[in-house]
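Observations on chain architecture
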Amino acid sequence: MLGLDTPNNSDCSFATAPTGVASDHATLVSATKSALRRSTPPRRIVGRVEECAVIREFFRSTIVKAHSGSLYVSGNPGTGKTACILSALHELEESGELSARHVEVVFLNCTAVTRPGQVYAKILAELGCEGCEEGDNVLEEFIDMVTSESEHTAYLVILDEIDSLLSRSQQVLYRLFDLASRKDSRLALVGIANALDLTDRFLPRLQVRGCEPRLLNFRPYQVKDIVLIIKDRLASVRLEASSSSSDSPSSSTQAQATTTGLDIIQPAAIEICARKVAAVSGDLRQALDVCLKAFEAAIALAAKQPGARTLPKVTVAHVVKILSAIYGAPADQKLKSLNFQSQLVLCCFLVVDAERSAQCAFSSASSSPKRIYTSGELFKKYADLSTRASLPPISQSEFMDLLSVLEVNGILSVERSKQATVSSSSSSLAGRSSAKGRTAANGRGMGQVVSLSVQPSEVIKAVKENPVLKPLLIAPLS
């Protein structure tokens, strides 16, 4: 028996997508819209063969046998992480591999947890324990539940956005992974987040304790993947209409003309959509949004033509127009989808800018100058904020990689400054450690000039949603 309790959204459910034979054009249009909505679960997983195999094997070695274990799944948003996990779970249930055991499944999005310590109470509440509150008693109750003598029940806890539980001591995360490694435990823990190196960077003691989780990374969808998935969704809906043909007035034959969702969107239009999304993010949800909006635009245009009875056709022009509208303006979606390290880099911009404003409060300039910074200045502030938040430091090379990612996403611009180069070289020649100074100053891009390509207010809004980063802004920005 499988007790699966998940939220009602596309990332947290798995079922057969509504498919079938449409009775008329209006029904086909409605069904095609449904197939393109990100809230519609896939009828099957297209691709991700290796990833699904790893997940199934993890489930077979844990919940099928009532053993403990942990798995950390990383990857950018919209790469199929949650869908593959729930699909693998669904397959095991359908195959009967879980029939001999009762599996309690909890799916929890950790962004709903205001404090890391509340996660135990949230899990117990999902398991039907009433009146659970944050505290040591709740933790003890949770431990007793997953380590009880009964071997008939296995527990699977899936924590989406697990990086929301990050804190200074990481006590909660250490306890969860430790509990999922105990021999007397029947807890299988699956953590999902964007960052590839979350466990290595923020939980380095896991390996020493012998409770390091298995790692599985989902790479962004490529053009071919996106095209195949969209076509599979469109092919799930079809319209069959009977048409009669006759060679003579006295004889007639019936022929079936089948129309599918694939006939509504031009293959070239799907290709262009996939290429743009793959280049920007590899987020399948964005590709579905583009196709749906283009389809709705084609419907609106067809409605303006009186007497038209043909199905609306999505062309390359429709898709290009939607792509321009989506990727030409909004920055909030890009900022919210960034991983933890990239958002910490943006914190550096805000803190440095606040410190500059405090120093220049006496200035009477009528207009605000463009905010520009050097990469060396930002790296120094990054190291300072990491220390204040008790986070492991990163190298200059890793920091420049983060700047490159932000530049590709159109959030900032980076350019080499001759003045910064001369200044850096001059300062490196002074002092007793001149050789070492030259190496640091002329290291990988530490003399580059960096400027924000989005409004600081948008960055503040996105960063303040992260409970770990918010305290770093309160003091400088209050």
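Nothing here was measured: the structure is a model prediction, and the numbers come from that model.

Rules used throughout
Residues numbered from 1 in each chain as written. Predicted model: local features only at pLDDT ≥ 70, side-chain atom pairs only at ≥ 80, totals over all residues. Heavy atoms only, no water. Helix = DSSP H or I, 4+ residues; strand = E, 2+ residues; numbered from the N terminus. Contact = heavy atoms within 4.5 Å. Areas by Shrake-Rupley, 256 points an atom, 1.4 Å probe, with all protein chains shown as cover. Salt bridge = Lys/Arg side-chain N within 4 Å of Asp/Glu carboxyl O. Buried < 20%, exposed > 50% of the residue type's maximum accessible area, 1.4 Å probe, protein only. Pairing = 2+ DSSP bridges. Expected span 1.5 Å × (residues − 1). Core = buried A, V, L, I, M, F, W, Y, C linked by side-chain atoms within 4.5 Å. Axes fitted to C-alpha atoms, helices over the stretch in contact; angles between N-to-C directions. Parallel < 35°, antiparallel > 145°, perpendicular 65-115°, else oblique. Left-handed = near helix turned anticlockwise from the far one by under 90°. Nonpolar A, V, L, I, M, F, W, Y, C, P; charged D, E, K, R; others polar. Phe/Tyr/Trp six-rings, centres within 6.5 Å; stacked < 30°, edge-to-face > 60°. Lys NZ or Arg CZ within 6 Å of the ring centre and 35° of its normal.

Examining the overall build of the chain
A count of helices and strands for the chain gives 20 helices and 12 strands. Restricting the contact set of the chain to residue pairs at least 6 apart, pairs at least 24 apart contribute 78%. Looking at the chain as shown, the accessible area adds up to about 23,700 Å², and 50% of this sits on carbon and sulfur atoms.

Considering the pattern of salt bridges
Within the structure shown, the criterion is met by 13 salt bridges. In this structure, Arg38 engages Asp289 in a salt bridge whose closest nitrogen and oxygen atoms are separated by 2.4 Å. Of the two residues, Arg38 sits in the loop between α1 (25-36) and α2 (49-61) while Asp289 sits in helix α11 (residues 284-303), which places them 251 residues apart along the sequence. Accessibility expressed as a relative area gives 33% for Arg38, which makes it partly exposed. The closest approach of N and O atoms between Arg56 and Glu91, which form a salt bridge, is 3.2 Å.

A short note on the pairing of strand β3 (residues 69-75)
When you tally the buried positions in β3, you get seven out of seven residues, the bulk of the element. The two faces of β3 match: Gly69, Leu71, Val73 and Gly75 on one face and Ser70, Tyr72 and Ser74 on the other face are all buried. Bridge count for β3 against strand β6 (residues 187-193) is six bridges, and the pairing is parallel. Among the inter-strand pairings, Tyr72 is bridged to a residue of β6, identified as Gly191.

Notes on the side chain of Asp163
With respect to the element layout, Asp163 can be found in the loop between β5 (153-160) and α6 (171-179). In contact with Asp163, other than residues within four places in its own chain, are Ala193 and Leu198.

Points about α2
End to end, α2 covers 19 Å across 13 residues, agreeing with the expected 18 Å (1.5 Å per residue, within 8%). Within the span of α2, buried status applies to Glu51, Cys52, Ile55, Arg56, Phe58, Phe59 and Ser61. Along its buried surface, α2 packs onto β3, α3 (81-95), β5, β6 and β7 (214-218).

Some remarks on the nonpolar core
Formed by 78 residues in total, the largest nonpolar core has its most connected members in Leu159 and Leu346. Here this core gets 10 residues from one element, more than from any other, and that element is helix α14 (residues 340-359).

A look at the packing of helix α9 (residues 223-235) against α11
Two elements in contact, α9 and α11, have axes separated by 11 Å at closest approach and are oriented at 50 degrees. Between α9 and α11, the angle is such that the two are oblique. For the pair α9 and α11, the crossing hand works out as right-handed. Judged by residue contacts, Ile226, Ile229, Ile230 and Arg233 of α9 engage Leu284, Ala287, Leu288 and Cys291 from α11. Of the residues assigned to the contact of α9 with α11, the class counts are seven nonpolar, no polar and one charged.

Some thoughts on the packing of helix α10 (residues 267-280) against helix α12 (residues 316-327)
Packing of α10 against α12 leaves a shortest axis separation of 8 Å and a crossing angle of 20 degrees. By the angle class used here, α10 and α12 are roughly parallel. Here α10 and α12 pass one another in a crossing that is right-handed. On the side of α10, the interface is formed by Ala268, Ala269, Ile272, Cys273, Lys276, Val277 and Val280, while α12 contributes Val316, Val319, Val320, Leu323 and Tyr327. Within the contact of α10 with α12, the residues separate by chemical class into 11 nonpolar, no polar and one charged.

Concerning the environment of Ser404
As for its position among the elements, Ser404 is in helix α16 (residues 396-408). Classification of Ser404 by relative accessible area gives partly exposed; the value is 33%. Separated by 10 residues in the primary sequence, Ser404 and Val414 have C-alpha atoms spaced 8.0 Å apart.

Section: the packing of aromatic side chains
In total, this model carries six aromatic pairs according to the counting rule given. On the numbers, 4.8 Å between centres and 85 degrees between planes, the contact of Phe349 with Tyr373 is edge-to-face. Of this pair, Phe349 sits in helix α14 while Tyr373 is found in strand β10 (residues 372-374), placing the two residues 24 residues apart along the sequence. Judged by its relative accessible area of 0%, Phe349 falls in the buried class. With a relative accessible area of 2%, Tyr373 lands in the buried category. Among the aromatic residues, ring-to-ring pairing joins Phe379, Tyr382 and Phe399 into one connected group. Lying over the aromatic face of Tyr174, Arg209 brings its terminal NZ or CZ to 4.5 Å of the ring centre.

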